[in-house]
Amino acid sequence: MASLKLKFTQFVSPEKIIFFHFSVSTFLRTFALAVSGLIIMSWIKPAEMGIYNSYNILITYSFFLQLGVFNGLNREIPYLLGQGKEAEAMKLASVSLFFAKTLSFSILFLGVLVYLALLLWGIMPVQELKMLAAMILLTAISFYQNYLNVTYRTLKNFSVLSRINNVSSVLIFCSLLMVYFFAYNGLVLYYLFNGIVLLVLTHLHRPFKIKSERSLPELKQLVILGLPIFILGYLQQITRTFNRLILVMMGSVYLVGLFSPASAIYSAVFFLPSTLAQFLYPKFSFIYGKYGDKKMLIPYVNRIYLLSAILIVPTIIVSLTVLPWAFEKYIPQYTKGIMAAQAFLVCGVIDITTISLNVFYSIGKKRPVIYYTVVKMLLMFLIPLAAVRFFPLLTAVTMGTLISTTVSAIFGYLLLMKTLYADHN
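All values derive from a computational prediction rather than experimental measurement. (Residues numbered from 1 in each chain as written. Predicted model: local features only at pLDDT ≥ 70, side-chain atom pairs only at ≥ 80, totals over all residues. Heavy atoms only, no water.)

Draft legend 1. Structural context of the overall build of the chain. Counting its secondary structure elements, the chain contains 17 helices and zero strands. For a compact globule of 425 residues, the expected C-alpha radius of gyration is about 22 Å, and the chain comes in at 22 Å, within 12% of that figure. Once the C-alpha set of the chain is aligned to its principal axes, its extents read approximately 60 × 50 × 45 Å. Taken over 425 residues, the chain has a buried fraction of 51%. Nonlocal contacts in the chain, meaning residues at least 24 apart in sequence, comprise 85% of its contacts between residues at least 6 apart. When the accessible surface of the chain is split by element, carbon and sulfur atoms take 72% of a total near 19900 Å². On the chain, the mean spot of the 33 positive side-chain charges and the mean spot of the 12 negative ones are 3 Å from each other. (Helix = DSSP H or I, 4+ residues; strand = E, 2+ residues; numbered from the N terminus. Rg over C-alpha atoms; globule rule 2.2 N^0.38 Å. Buried < 20%, exposed > 50% of the residue type's maximum accessible area, 1.4 Å probe, protein only. Contact = heavy atoms within 4.5 Å. Areas by Shrake-Rupley, 256 points an atom, 1.4 Å probe, with all protein chains shown as cover. Lys, Arg positive; Asp, Glu negative; His and termini not counted. Charge placed at Lys NZ, Arg CZ, Asp CG, Glu CD.)

Draft legend 2. Structural view of the environment of Leu58. Position of Leu58 among the secondary structure elements: in helix α3 (residues 46–62). Judged by relative accessible area, Leu58 falls into the partly exposed class, the value being 44%. Distance from Leu58 to Ile383, taken between C-alpha atoms, is 24 Å for residues 325 residues apart in sequence.

Draft legend 3. Representation of the environment of Val318 in the model. As for its position among the elements, Val318 is in helix α13 (residues 298–330). As a C-alpha pair, Val318 and Phe193 span 125 residues in sequence and 31 Å in three-dimensional space. Setting aside residues no more than four positions away along its own chain, Val318 makes contact with Leu323 and Leu345.

Draft legend 4. Looking closely at the layout of surface pockets. Of the voids in this model, the largest pocket is the one considered here, and its volume is about 850 Å³. Lining the largest pocket are 30 residues, and of these Phe27, Phe31, Ala34, Val269 and Leu345 sit closest to its centre. Those elements that provide at least two residues to the lining of the largest pocket are α2 (14–43), α12 (260–291), α13 and α14 (338–350). Classifying every residue of the lining of the largest pocket by side-chain character gives 25 nonpolar, five polar and no charged. (1 Å grid on protein atoms, 1.4 Å probe; cavity = no way out; pocket = protein on both sides within 12 Å on 5 of 7 lines; lining within 4 Å. Points joined across faces, edges and corners; volume = space filled by probe spheres on them. Nonpolar A, V, L, I, M, F, W, Y, C, P; charged D, E, K, R; others polar.)

Draft legend 5. Spotlight on the packing of aromatic side chains. Following the criterion strictly, the structure yields seven aromatic pairs and no others. Judged by centre distance (6.1 Å) and plane angle (50°), the ring pair of Phe64 and Phe230 falls under tilted. Here Phe230 lies in helix α9 (residues 216–239) and Phe64 lies in the loop between α3 and α4 (69–82), a separation of 166 residues in the sequence. The class of Phe64 is partly exposed, set by a relative accessible area of 41%. Pairwise contacts between aromatic rings join Trp43, Tyr180 and Phe181 into one cluster. In this arrangement the basic side chain of Arg303 is found over the ring face of Tyr300, its NZ or CZ atom lying 5.5 Å from the centre. (Phe/Tyr/Trp six-rings, centres within 6.5 Å; stacked < 30°, edge-to-face > 60°. Lys NZ or Arg CZ within 6 Å of the ring centre and 35° of its normal.)

Draft legend 6. Spatial organisation of the pattern of salt bridges. Counted by the stated rule, this structure contains two salt bridges. Residue Glu213 pairs with Lys91 through a salt bridge whose shortest N-O separation is 2.3 Å. With Glu213 in the loop between α8 (176–204) and α9 and Lys91 in helix α5 (residues 86–121), the pair connects residues that are 122 residues apart, well separated along the chain. For Glu213, a relative accessible area of 30% translates into the label partly exposed. Its relative accessible area of 26% is what places Lys91 among the partly exposed residues. (Salt bridge = Lys/Arg side-chain N within 4 Å of Asp/Glu carboxyl O.)

Draft legend 7. Quick look at a nonpolar patch on the surface. A cluster of nonpolar side chains, contributed by Phe20, Val24, Phe27, Leu28, Phe31 and Phe173, occupies part of the molecular surface with about 570 Å² of accessible area. Element by element, the count of residues in the nonpolar patch is highest for α2, at five residues. On the secondary structure map, Phe27 appears in helix α2. (Patch = residues over 30% accessible without salt bridge, like charges linked within 9 Å, V, L, I, M, F, W, Y side chains within 5 Å.)

Draft legend 8. Structural context of the nonpolar core. In terms of nonpolar packing, the biggest core is built from 99 residues, with Ile40, Met49, Leu73, Met131, Tyr147 and Leu187 touching the most fellow members. Beyond its immediate sequence surroundings of up to four residues, Met49 is in contact with Ile40, Met41, Ile44, Leu187, Tyr191, Ser260 and Tyr334. In this structure, Leu247, Val256, Phe259 and Cys347 belong to the second largest nonpolar core, which totals 16 residues. (Core = buried A, V, L, I, M, F, W, Y, C linked by side-chain atoms within 4.5 Å.)

Draft legend 9. Seen up close, the side chain of Thr373. Tracing the sequence through the fold places Thr373 in helix α16 (residues 367–387). The contact partners of Thr373, leaving out residues within four places of it in the chain, are Leu232, Leu235 and Gln236.

Draft legend 10. A look at the packing of α13 against α14. Between α13 and α14, the shortest axis-to-axis distance is 9 Å and the interhelical angle comes to 155°. Here α14 runs roughly antiparallel to α13, going by the angle between their axes. The crossing of α13 and α14 is right-handed. In contact with Ser308, Leu311, Ile312, Thr315, Ile316, Val318, Ser319, Leu320, Leu323, Pro324, Phe327 and Glu328 of α13, α14 contributes Ile338, Ala341, Gln342, Leu345, Val346, Val349 and Ile350. Considered class by class, the residues forming the contact of α13 with α14 number 14 nonpolar, four polar and one charged. (Axes fitted to C-alpha atoms, helices over the stretch in contact; angles between N-to-C directions. Parallel < 35°, antiparallel > 145°, perpendicular 65-115°, else oblique. Left-handed = near helix turned anticlockwise from the far one by under 90°.)

Draft legend 11. Fine view of the environment of Met90. Inspection of the secondary structure puts Met90 in helix α5. With ten residues separating them in the primary sequence, Met90 and Leu80 have C-alpha atoms 9.8 Å apart. Those residues in contact with Met90 that sit more than four places away from it in its chain are Phe208 and Ile210.

Pasting the structure below:
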């Protein structure tokens, strides 16, 4: 009886309960984003969605200005806490806060100047100017948002994030009224509203209510540690825009618009692994900081890949049955993009495996990540281009991305096993 009680206590440990709540809240927010995306596309024309997807790329390419500071902080906070060095962790957080504020206000100021110049010269259509204004503001606040994201590192913090996810899910659905009543203008407001609300919620409940502090030595420390991590992660993130770049270069904005359902589904599904990584990455760093044994991380890698493998079959079933019905019923103007949406739903599940790459950063091994990143970039760009010779452009980009994502996941696992088994303390 005592043994059963002990097992039950272990099963319902606070960490597992919080992880369960966090996972459920993440799934609900992912579901809200996916459903809202489909609803929006039933109201908005493909060409107008193409404007959003084209300008949204600007946010991705602006993140290079972070210089890896937040990536360094993301690794150092749990690692230092694992070593019992709380004062050092808080010092780095203060310096990062100063850097985040500087970036946010600088980009906002420069963005307003660019916007006013374009407005006065009249060289850009009004619809594009509206979306550009939204992207400028969202880019500016994204730097502070990224700082806040990496400060949620403890179990208590993730419990707060669960509640924030739940509130955000409700507001995502409520804000659809903006799109319903104001069409394209409502679309711009929709993205602005949800971006600002998430920032406000995470700011109000921020774990470290500290003052920003300027300190060049600590900032330099974070850049040296985080810049390689950022560059590698940044390059991997860019690979997810290759499909749209190919469509823009070889096709048209209309094709990018038809691709919008696939992009929306992928972004929504990828939110799950990216959020789970937010929970697991600090755990990896804390474990390694406390015990210094790489081999202890092998079970986590295997579980992540197992989860991805288990979810693939039901995902394929849903993609073949539910998606065609949903397109025909709710967004018939996007039916030419059904195949892309089906493939990218599967890609999102396969990319759950990317969570495990954080193990390399936790143990301070960047060379395997370089190998992985170079291989993935080549695959994600060259395979879709090669497929263009045999298939229509949209089909080629779809199949090329699916193949590249699958091969990259397998290659990543082989690198992880080689590193953790052959090179552990």
